[in-house]
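Remarks on the overall topology
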Amino acid sequence: MRGIVKRFGDLVANDGVDFTLASGTIHALLGENGAGKTTLMRILYGLALPDAGEILVDGRRVEIRSPSDAIAAGIGMVTQHFSLVAPMTVAENVALGDEGGFRLDRRGARAKVVKASERVGIAVRPDARVATLSVGEQQRVEIVKALSRDCRVLILDEPTAVLVPQQVEALFNALRRLRDQGLAVVFISHKLREVTAISDEVTVLRRGRVEGTVTTRTTDERELGRMMVGRPMTGVARDDERVPGEVVLRVERLSVADGSALPAVRDISLEVRSGEILGVAGVSGNGQTELVEVLSGMRVPSAGTVVVGNVDVTGQPPARVTAAGVGRIPEDRHASVVRDLSVAYNLVLEDLDAYRRGPVLDEGRIRRTAHDLIDRFDIRAGPADLVGTLSGGNVQKVLLARVLARRPKLLVVAQPTQGLDVGATEYVRGQLLAQRGAGAAVLLVSEELEELLALADRLAVMYEGTIVGEFDRAEVDVDRLGLLMAGIRAGG
Amino acid sequence: MPLRFQQRAAPPAAFAVTLPLAAIATTFLLTAAIVVAAGESPFRAYQEFLLRPLSSEFRILEVLVSSTPILFTGAAVAIAFRAGYWNIGAEGQLLSGAIAAAWLGRQVDGWPPVASLPLLVVGGALAGAAWALPPALMRVRFGIDEVVTTLLLNPVALLMVGGLLNGPWRDPVTRFPESPRIAPAAEFPQLVDRSRLHFGFLLALAVLAVGWFVTTRTATGLRLRAVGLSPHAARFAGIRIERTLLGAALASGGIAGIAGVSEVAGIQFRLTEGISSGFGYTGIVVATLGALSMIGVAFAAFFLGLVNVGAGSASRVLDVPSQLGEVITATLLLVTVALLVLRRYRVVRVGSP
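Computed from a predicted structure; not experimentally measured.

1. Brief notes about the overall build of chain B
The helix and strand tally for chain B stands at 13 helices and two strands. Its C-alpha atoms give chain B a radius of gyration of 22 Å, within 12% of the compact-globule value 20 Å for 353 residues. A principal-axis box enclosing the C-alpha atoms of chain B has dimensions of 80 × 60 × 35 Å. Looking at chain B residue by residue over its 353 residues, the buried ones come to 48%. Contacts in chain B between residues far apart in sequence, at least 24 positions, make up 78% of those at least 6 positions apart.

Written out as structure tokens, the structure is:
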């Protein structure tokens with residue numbers, strides 16, 4: 001793959017990526033969430049079309065416009081979400097993907113399943129109904145399905161996410177077997193330990209660009225971790241005078257059970273003081289999203305309390321939470337504005353009761369407020385523009401303006417600069433520091449270590465729903481932080 | 001050079017005018033085939049459909065009479081849809097309001113109209129809202145899809161009407177399955193001599209005006225729109241979605257209930273099995289065609305009233321079946337829905353890179 005570029009709106013998911021894959025190797029694609037790993041492989045498998053760049057197979061340029069093009073070129077992919085028809089048998093699922101005739105060749109399909117499962121060295125029963133199989137078994141069916149189409153390249157997107165350790169070992173053995181048969185395997189992951197355990201080569205992606213390609217034998221987890229998250233920025237404009245105020249947010253023994261076996265958040269306690277930024281680090285999917293949802297009033301916790309100032313807001317709806325002085329900058333910024341309403345309406349939506357006379361909206365005051373906030377927060381849009389037409393950076397500024405206009409005591413901020421360009425990123429970070437300076441308490445959840453190191457006074461690391469480590473700014477050890485994020489406690 | 005659909009950021013403002021016109025033109029092109037199959041010239045047929053109803057004062061008034069119930073139901077559906085509450089049950093809510101009107105209409109004998117008419121209207125609105133309440137509660141409490149529940153209550157309401165008319169309410173004199181005539185005090189006044197146009201038409205316009213004011217000018221209306229456009233963002237901003245949905249559902253049911261009152265007290269003066277010829281369902285067409293705005297609903301209802309009157313005269317004058325009106329209405333709905341989707345796209349040429 002040469003010079004692959006893919007944009008989603010103003011987010012550049014892949015920015016001139018070169019990726020070379022040799023047969024008979026397991027090649028890991030490593031990077032944080034949103035680094036562009038999956039996008040790159042979706043392009044290779046024809047699930048997404050690149051805006052620029054070319055794909056060469058055996059030195060020849062190929063056009064891959066759909067998965068069937070990819071399959072024809074010998075490429076197979078097991079996506080994170082399986083594409084199996086649950087009520088059908090394994091053999092029927094394999095036959096489904098076959099090109100050609102109207103007749104269903106059950107016997108042929110069954111033979112293919114048997115042959116492919118022998119190749120991988122894992123047993124798959126061709127007549128088992130997919131619905132009765134465990135997730136691990138379904139993954140094997142997906143692999144068998146790809147192999148039965150004679151693929152030479154097998155892409156696995158975060159295959160271990162759904163597996164328990166023993167299954168991971170079985171999968172790794174199968175992958176090694178396939179490699180020894182000459183297959184090229186792409187292993188997408190953000191888990192350092194697995195990458196070093198299974199791969200022959202590693203390509204590290206960061207913010208849509210290739211950070212480097214290395215031979216696994218010549219490197220280690222620490223080195224890869226540094227490549228993945230980048231070094232902390234230097235020379236950040238931030239006065240280091242600590243003004244530790246009173247406690248604004250107190251979270252005690254908070255748990256969130258979401259019905260699955262493992263609670264998303266387990267027994268978390270933390271405090272944030274006025275004039276302080278607490279950074280929450282962690283690889284995505286370790287409970288940060290749920291924690292922020294609880295603090296935002298969007299989710300009811302299963303246990304524990306959340307107190308802001310001296311108001312208990314545990315399990316309260318968003319209106320009560322904001323009334324208690326909480327400003328929220330959500331992770332999913334586009335879903336948190338009403339895209340088909342104007343900038344002005346979105347700016348006042350949290351505080352509508354302040355903008356009406358009787359039942360009637362005070363349009364004049366709404367417009368004045370909007371103009372004022374647009375000026376103050378440098379939003380590049382008019383009050384009447386629909387928010388859906390704004391860039392990601394400007395949507396973020398709308399949310400910031402809406403929140404900061406109410407002078408919150410506590411800011412709950414999640415992934416505030418994800419997908420933003422450099423200018424908008426700096427602006428948002430500057431605003432957060434200004435809030436800290438003005439005495440607000442800030443809880444900042446980010447997957448970007450660089451950002452946390454630049455802004456936070458204290459850092460807490462989340463892994464599998466708990467806080468596995470807390471650091472003061474002065475004593476942060478980047479290497480140890482990275483290992484904690486990857487779930488390795490004794491590291492460093 | 002292959003063509004591809006590409007999503008556009010926002011549909012151009014001019015579409016508000018051009019889209020309905022394009023929908024109407026496309027519909028007539030599509031239905032022309034049916035007219036030809038019936039052995040008539042499409043040109044003459046459409047002249048009959050669109051121009052003849054406007055050719056005399058009486059016919060124009062008939063168009064207004066014909067639009068009255070669907071002005072109500074169109075507004076009812078539009079308000080619910082605006083909130084993202086898919087009320088398909090305006091038909092049942094209308095019938096519920098009609099039952100209430102037929103009963104109240106016999107209790108108010110000798111009352112002054114200033115007392116009896118408001119009672120009838122409020123009673124019908126409450127009956128319509130009551131019919132809308134169970135599905136709404138099931139939706140906000142248990143997340144049960146209101147499309148199914150509101151729709152399924154329609155035949156229940158119709159069977160209830162049939163049960164009443166073939167049982168306790170059967171006209172004792174004629175033995176027809178019709179309720180006895182309501183008291184004179186319960187009859188809506190006529191607006192024009194020797195025409196069927198009645199007070200219900202003004203009431204419908206008033207409902208539309210209030211609906212327009214609430215949806216476009218009040219904080220409640222903004223909340224309603226926000227919930228309909230993005231429930232997640234609305235909830236995030238602190239809007240209580242359940243309350244908004246419940247309010248929209250009840251308002252919608254209430255307005256549909258008034259449509260029932262208007263048909264009983266303004267046209268039939270009794271409850272009949274055919275009190276609604278699918279006005280609740282036509283309301284969905286009207287609301288969609290009017291892009292869920294109250295002004296749009298007004299235009300759409302008048303247009304469908306026109307087609308309805310036109311279909312009647314066309315079947316008399318020309319050799320086309322009277323169902324052609326319904327065919328045109330249904331085709332218009334399909335075309336409108338298709339265009340509403342398509343307006344979010346533009347066609348671009350893609351060459352191989």
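2. Regarding the overall build of chain A
Looking only at helices and strands, one finds 16 helices and 22 strands in chain A. Split into buried and exposed, the 492 residues of chain A put 48% on the buried side. Residue pairs in contact within chain A that sit at least 24 positions apart in sequence constitute 67% of those at least 6 positions apart.

3. Remarks on the sheet that holds strand S13 (residues 277-281) of chain A
All names here are of chain A. Strand order in this open sheet of six strands is S16-S19-S20-S13-S21-S22, and the pairing throughout is mixed. Because the sheet does not close on itself, it has two edges, and the strands there are strand S16 (326-329) and strand S22 (466-472). Looking at each pair of strands side by side, their axes are set apart by 15° on average, direction ignored. Bridging between strand S19 (residues 410-414) and strand S20 (residues 441-445) involves five bridges; their strand directions are parallel.

4. Some thoughts on the domain arrangement of chain A
Residues and elements named next belong to chain A. Per the domain assignment, the segments of chain A are domain 1 (2-229), domain 2 (235-325 + 408-492) and domain 3 (339-406). Placing the centre of domain 2 and that of domain 3 at their C-alpha centroids yields a distance of 26 Å. Taken together, the contact pairs eleven residues of domain 2 with nine residues of domain 3. At five residues, the largest contribution of residues to the side of domain 2 that touches domain 3 is made by helix H14 (residues 422-437). Per-class residue counts for the side of domain 2 that touches domain 3 are six nonpolar, four polar and one charged.

5. Comments concerning the packing of helix H4 (residues 90-107) of chain B against helix H5 (residues 113-142) of chain B
Residues and elements named next belong to chain B. Closest axis-to-axis distance for the H4/H5 pair is 7 Å, and the angle between their directions is 145°. Seen from above, H4 lies across H5 with right-handed handedness. For the pair H4 and H5, the contacting residues are Gly92, Gln93, Leu94, Ser96, Gly97, Ile99, Ala100, Ala101, Leu104 and Gly105 in the first and Leu119, Leu120, Gly123, Gly124, Ala125, Ala127, Gly128, Ala130, Trp131 and Ala132 in the second.

6. Overview of the nonpolar core
Residues Leu443(A), Leu444(A), Ala75(B) and Val297(B) are the most contacted members of the largest nonpolar core, which totals 249 residues. Counting residues per element, this core draws most heavily on helix H10 (residues 241-268) of chain B, at 13 residues. Apart from residues no more than four positions distant in its own chain, Leu444(A) is found in contact with Ile277(A), Leu278(A), Gly279(A), Val280(A), Val413(A), Leu432(A), Leu452(A), Leu455(A) and Ala456(A).

7. Quick word on helix H9 (residues 288-296) of chain A
Within H9(A), nine of the nine residues are buried, which leaves the element mostly enclosed by the surrounding structure. A positive phi of about 85° marks Gly297(A), the residue just after H9(A).

8. Considerations on the sheet that holds strand S6 (residues 75-78) of chain A
Two pairing modes exist for strands in a sheet, parallel and antiparallel, and in both the strands are linked by backbone hydrogen bonds. All names here are of chain A. Read across the open sheet, the six strands follow the order S6-S7-S8-S3-S9-S10; overall the sheet is mixed. Both edges of this open sheet fall to S6 and strand S10 (209-215), since each of them pairs with a single strand only. The sheet shows a mean angle of 20° between the axes of neighbouring strands, taken without regard to direction. Sheet topology note: the S6/strand S7 (residues 153-157) ladder contains four bridges and is parallel. Residue pairing across strands places Gly76 opposite Leu154, the latter belonging to S7. Its contacts with the sheet place helix H8 (residues 221-229) against strand S3 (26-30), strand S9 (201-206) and S10, and it is angled at close to 30° to S9.

9. Examining the interface of chain B and chain A
Quoted interface sizes are often the accessible area lost when the parts come together. Across the contact, 20 residues belong to chain B and 25 residues belong to chain A. If you list the elements that add at least two residues to the side of chain B that touches chain A, you get helix H8 (219-229) and helix H9 (231-236) of chain B. With seven residues, H8(B) is the single largest residue contributor to the side of chain B that touches chain A. Its residues assigned to classes, the side of chain B that touches chain A shows ten nonpolar, five polar and five charged.

10. Some words on unusual backbone geometry
Residue and element names in this part refer to chain A. Unlike most non-glycine residues, Asp150 shows phi in positive territory, near 55°. Structurally, Asp150 is set in the loop between helix H5 (135-147) and S7. Note on Asp150: 11 C-beta atoms within 10 Å, which makes it exposed. Of note in this structure, Glu464 is not a glycine but carries a positive phi near 45°.

11. Focus on the environment of Leu420(A)
All names here are of chain A. Mapping Leu420 onto the fold places it in the loop between S19 and H14. On the basis of neighbour counts, which here come to 24 C-beta atoms within 10 Å, the residue Leu420 falls in the buried class. Excluding residues that lie within four positions of it along the chain, Leu420 makes contacts with Gly392, Gly393, Gln396, Thr425 and Val428.

12. Considering the packing of H5(B) against H10(B)
Residues and elements named next belong to chain B. Running from N to C, H5 and H10 point in directions that differ by 145°, and their axes come no closer than 6 Å. In terms of crossing hand, the pair formed by H5 and H10 is right-handed. Among the residues making up the contact of H5 with H10, the classes are represented as 18 nonpolar, seven polar and two charged.

13. Description of the confidence of the model for chain B
Scored by pLDDT, chain B comes out at a mean of 90, with 93% of its residues at no less than 70. Overall fold confidence for the complex sits at a pTM of 0.76, while the interface term, ipTM, reaches 0.85.

14. Focus: the environment of Val78(A)
Along the polypeptide, Val78(A) turns up in strand S6. A C-alpha to C-alpha distance of 22 Å links Val78(A) and Val283(A), two positions 205 residues apart in sequence.

15. Section: the confidence of the model for chain A
In the predicted model, chain A carries a mean pLDDT of 86, and the fraction of residues at 70 or more is 92%. In this model residues 232-236 of chain A is a low-confidence stretch, pLDDT under 50, and it forms seven contacts with partners more than four residues away in sequence or in other chains.

16. Quick look at the environment of Leu306(B)
All names here are of chain B. Position of Leu306 among the secondary structure elements: in helix H12 (residues 294-317). Residue Leu306 is classed as buried on the basis of its 24 C-beta neighbours within 10 Å. For the pair Leu306 and Arg59, spaced 247 residues apart in sequence, the C-alpha separation works out to 9.3 Å. With near-sequence residues (within four places) excluded, Leu306 lies in contact with Leu50, Pro53 and Val63.

Each value, and the rule that gives it
Residues numbered from 1 in each chain as written. Chains lettered and ligands numbered in written order. Predicted model: local features only at pLDDT ≥ 70, side-chain atom pairs only at ≥ 80, totals over all residues. Helix = DSSP H or I, 4+ residues; strand = E, 2+ residues; numbered from the N terminus. Rg over C-alpha atoms; globule rule 2.2 N^0.38 Å. Buried ≥ 20, exposed ≤ 12 C-beta atoms within 10 Å, placed from the backbone. Contact = placed C-beta atoms within 7 Å. Pairing = 2+ DSSP bridges. Axes fitted to C-alpha atoms, helices over the stretch in contact; angles between N-to-C directions. Domains from an automatic or database assignment. Nonpolar A, V, L, I, M, F, W, Y, C, P; charged D, E, K, R; others polar. Left-handed = near helix turned anticlockwise from the far one by under 90°. Core = buried A, V, L, I, M, F, W, Y, C linked by C-beta atoms within 7 Å. pLDDT = per-residue confidence, 0-100.

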